[in-house]
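Examining the three-dimensional arrangement
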Amino acid sequence: MANQFDKQLSEGRKEERRKLLFLGISACFLLLLVVGAVVGSTYQDDDGGDGDGSNLSTHAMRASSKSVTALCSSTDYPQTCETSLSKAVPPDTEDPKVLLKAAVSVVLDGVSKGFQHSRLLRSNDSRVRGAVQDCQEMYEDAKGDINATLRSIIDHGVDKLPARSHDMRAWLSAVVTYQQTCIDGFPEGELKEKMKDAMKSARELTSNALAIIGQASSFLSLINLPSRRRRLLSSGFPSWFSEDDRRMLKESINVKPTPNVTVDKDGGGDFTTISEALAKMPARYQGRYVIYIKTGVYEEQVNVTKNMVDVTMYGDGPTNTIVTGSKNFIDGTRTFLTATFLAAGDRFMAMDMTFRNTAGAEKHQAVALRVVSDMSVFLNCRMEGYQDTLYAHAHRQFYRGCVISGTIDFIFGDAAAVFQNCLLVVRRPLPNQQNIVTAQGRADRRETTGFVLQRCRFRADTLLADASQPAIRSYLGRPWKEFSRTVIMESEIDEFVSKDGYMPWQGDFGLSTLFYAEYNNTGPGAATGDRVKWPGVRVIEREEAVRYTVESFLDGSNWIPATGAPVLLGLNS
């Protein structure tokens, strides 16, 4: 009896502690939002960060104790926030889970209305019809990411927000990307402006949700609520990895996994094309589905769809296993659809193979590889093309030991992507063109996206370096969208790169809002004294550079080591 009584008493105390924890979380959540709003009024988000700070309007400074007003005070569009949430939550609710869920639910409603507007745009122009079709695909992708965010709130609760914040903000950042991709598909003119206006509310609601989740997570972290983040050892593995785990992962880098199926164009495998192997994948499978692609040149357009998750492909080396195509903009294919290879299913992994587009410089936009897969990894791969070679479209991506070649904007998109130990080969474009390595497309300051190039090498190919040929100006990047963000650190830059470093997109677009940073680079092209004098172009110190490491920027310790990929989670210097 005594033991049973003690057990009941213990359970009762645990339940009481759980209730007190929840009440404490609720109170702290609302209190800190209000206090944080006032403190945040002195913070200016001009450092290229994720926008967790607050630039408060007069209305927000007079924030009452009402939960909606407090919640919305940390956003860039407080009026849109208050109007939408006031309709979505019960009057005077103080349940933080209800508030967070509502903040994301209104995004789904706004996005639905915005994307559905594209169906109303009628035209005989094939480009418009194609854009409408692309918008519907983007809508499905956006819904998936919004629903994933909602599930995370419902399943894990507010107390787990610091641990889940990185995922949720990555997904909502992708929603912003999809909205912008929809708009970009329309040709310049009246219909494009109508689509932009129709998407305005969705854009503001998504930005608000990013702000709310980011700020709430920061506040909850201050009161030491549980987090899944773990301290790393110098070996690059989390501290909870055993010695056997570490040894296994190090060994697995050089050991190819056992394939489920083999592709051999000469008939010596299960399939002769990659597309056929994907089409025959089982609807359900446990763990990773591994496809081994034997030596050969595979002329096909490959699509690893959203439903094909946890797929690994590996070849016999990038000079032996090659996927190639030649679709391009000049011949009538929208840039969005020119990709020789599309990786859309989450946690896609590719090793030892090449993705190529052979359209050539004269065909302008011609994508070799488009990636929207979240937590995707590319090891020892090559991406070969000219303009728009690699479309790092959305979500979190990691590239290690890859060779990427091209001319204009040959790494572009709005992913959160880190390129580590990669070789960036700049080719000779058409005579009237110049080279730009990156064109990052961050459209909202709250997005967690950007390109980080760490321990990479920038090289000119033989034709570009030929002194007997006319000189071509080459740049590290230009701002495709207003809040473009690119960080180059611990890399080697050759002298062919212009001393300016960066060039405008058009006029002064984005020049006051972009963030282009360099840290501890070497080589004759790394000198920063003559870089353009835009507000967001800067040389950063180590403390700030840490924010753009694999560990911080991609939350990399929680998913990359498990793939067996070699990775430097921090800085090298």
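Every value quoted in this text rests on a predicted model; they were computed, and no experiment measured them. Counting restarts for each chain: residues are numbered from 1 in the order of the written sequence. Confidence filtering applies because this is a predicted model: local features only for residues at pLDDT of at least 70, side-chain atom pairs given and counted only at 80 or more, and all residues used for totals across whole chains, interfaces and linings. Note: side-chain values were computed over all heavy atoms of the structure, leaving out hydrogens and water.

Let's talk about the overall build of the protein chain
Counting from the N terminus, the helices are the DSSP runs of H or I reaching at least four residues and the strands are the DSSP runs of E reaching at least two. A count of helical and extended segments in the protein chain gives 14 helices and 26 strands. The buried label applies to any residue whose accessible area, calculated with a 1.4 Å probe on protein chains only, is under 20% of its type's maximum; exposed applies above 50%, and partly exposed to all values in between. Expressed as a percentage of the 573 residues in the protein chain, the buried residues total 56%. A contact between two residues is defined here by any heavy atoms of the two lying within 4.5 Å. A separation of at least 24 residues holds for 70% of the contacts in the protein chain among residues at least 6 apart in sequence. Approximately 24600 Å² of the protein chain is accessible, and the part contributed by carbon and sulfur atoms is 51%. For the area figures, the Shrake-Rupley method with a 1.4 Å probe applies, and any residue is considered shielded solely by the protein chains shown.

A word on the pattern of salt bridges
By definition here, a salt bridge exists when the distance from a side-chain nitrogen of Lys or Arg to a carboxyl oxygen of Asp or Glu is within 4 Å. Applying the stated criterion to the full structure yields 25 salt bridges. Here Lys-194 makes a salt bridge to Glu-190, at a shortest N to O gap of 3.3 Å. On the criterion of helical spacing, the pair formed by Lys-194 and Glu-190 is a turn pair, its members being four residues apart in helix 8 (residues 190–198). A relative accessible area of 38% places Lys-194 in the partly exposed class. Ionic pairing is found between Lys-256 and Asp-352, a salt bridge with its closest N-O pair at 2.8 Å. With Lys-256 in the loop between helix 10 (243–252) and strand 1 (261–263) and Asp-352 in the loop between strand 8 (349–351) and strand 9 (354–357), this residue pair connects regions lying 96 residues apart in the sequence. Among the residues examined, Lys-256 registers a relative accessible area of 36% and is labelled partly exposed. The structure contains a network of salt bridges with shared partners spanning Arg-164, Asp-167, Asp-374 and Arg-396.

Some thoughts on the environment of Arg-164
For Arg-164, the position within the fold is in helix 7 (residues 161–184). For the pair Arg-164 and Ile-213, spaced 49 residues apart in sequence, the C-alpha separation works out to 9.7 Å. Among the polar contacts made by the side chain of Arg-164, one reaches the side chain of Ser-152 at a distance of 3.0 Å. Contacts described as polar in this section are N or O atom pairs within 3.5 Å, which, within protein, must combine one atom able to donate a hydrogen with one able to accept it, while residues neighboring in sequence count only if both atoms come from side chains.

Regarding the sheet that holds strand 2 (residues 289–293)
The sheet built from eleven strands is open, its strands ordered 1-2-5-8-11-14-17-20-23-25-26 with parallel pairing. A single partner strand is all that each edge strand has here, and the edge strands are strand 1 and strand 26 (537–539). The average undirected angle you get between the axes of adjacent strands in this sheet is 10 degrees. The rule for pairing is simple: two strands pair if DSSP sees at least two bridges between them. Both strand 5 (residues 311–314) and strand 8 contribute to a ladder of three bridges, which runs parallel. Along strand 8, the bridge assignment pairs Thr-312 with Met-349. Working convention: axes come from line fits to C-alpha atoms, limited for helices to the stretch in contact. Angles between N-to-C directions cover 0 to 180 degrees.

Digging into the pairing of strand 19 (residues 435–440)
The element strand 19 is largely enclosed, with a buried count of six among its six residues. Looking at chain direction, strand 16 (residues 408–413) and strand 19 are connected through four bridges and run parallel. When the sheet's bridge partners are listed, Ile-411 is paired in strand 19 with Thr-438. Where strand 19 lies against strand 22 (residues 474–477), three bridges are found, and the strand directions are parallel. When the bridges of strand 22 are listed, Thr-438 appears paired with Gly-477.

Re helix 6 (residues 126–156)
Each α-helix winds once per 3.6 residues, and so residues spaced three or four apart point in a common direction. Here helix 6 contains 31 residues, and its C-alpha end-to-end distance of 45 Å stays within 8% of the 45 Å for a straight helix at 1.5 Å per residue. The N-capping residue of helix 6, defined by a side-chain oxygen 2.8 Å from the backbone nitrogen of Arg-127, is Asp-125. Of the residues trailing helix 6, Gly-157 is marked for its positive phi of about 80 degrees. In this analysis, the expected span of each helix is defined as 1.5 Å times one less than the number of residues it contains.

Regarding the packing of aromatic side chains
Note on aromatic contacts: the rings of Phe and Tyr and the six-membered ring of Trp form a pair at centre separations within 6.5 Å, being stacked when their planes are under 30 degrees apart, edge-to-face when over 60 apart, and tilted otherwise. Following the criterion strictly, the structure yields 15 aromatic pairs and no others. Considering the side-chain rings of Phe-348 and Phe-378, the 5.8 Å spacing of their centres and the 50 degrees angle between planes classify their relative orientation as tilted. With Phe-348 in the loop between strand 7 (341–343) and strand 8 and Phe-378 in strand 11 (residues 376–379), this pair connects stretches of sequence that are 30 residues apart. Summarising the aromatic geometry, the rings of Phe-378 and Tyr-399 are spaced 5.0 Å apart at their centres and angled 10 degrees between planes, so their arrangement reads as stacked. Placement of the pair is Phe-378 in strand 11 and Tyr-399 in strand 14 (residues 396–400), with a sequence separation of 21 residues.

A word on the sheet that holds strand 10 (residues 369–371)
Taken together, seven strands build an open sheet; the order of strands is 4-7-10-13-16-19-22 and the sheet is parallel. In this open sheet, the two edge strands, each paired with only one partner strand, are strand 4 (302–304) and strand 22. Neighbour-to-neighbour, the strand axes of this sheet turn through a mean angle of 10 degrees, independent of strand direction.

A look at the confidence of the model for the protein chain
Of the residues in the protein chain, 82% reach a pLDDT of 70 or more, and the chain-wide mean stands at 86. For every residue, the pLDDT score states the predictor's confidence, bounded by 0 at the bottom and 100 at the top. Below pLDDT 50 for its whole length, residues 52–65 participates in 33 contacts with residues either more than four positions away or in separate chains.

Some remarks on the environment of Asp-134
When you line up the elements, Asp-134 lands in helix 6. Between the C-alpha atom of Asp-134 and that of Phe-336, which follows or precedes it by 202 residues, the distance is 8.2 Å. Sequence-distant contacts of Asp-134, that is, excluding residues within four places in its chain, are made with Arg-334, Phe-336 and Leu-337.

Regarding the state of the cysteines
Any cysteine sulfur atom paired with another within 2.5 Å is treated as part of a disulfide. A full pass over the atoms with the stated rule returns two disulfides. Cys-72 shares a disulfide with Cys-81; S-S distance 2.1 Å. Torsion about the S-S bond of the Cys-72 and Cys-81 cystine: about -75 degrees, corresponding to left-handed handedness. Disulfide partner of Cys-135: Cys-182, at an S-S distance of 1.9 Å. What sets the handedness of the Cys-135 and Cys-182 disulfide is the S-S torsion sign, and at about 90 degrees it is right-handed. Taken together, the positions of Cys-135 in helix 6 and Cys-182 in helix 7 put the pair 47 residues apart, joining distant regions of the chain. The class for Cys-135 is buried, based on a relative accessible area of 0%. By sequence order of its bonded cysteines, the protein chain has the disulfide arrangement 1-2, 3-4.

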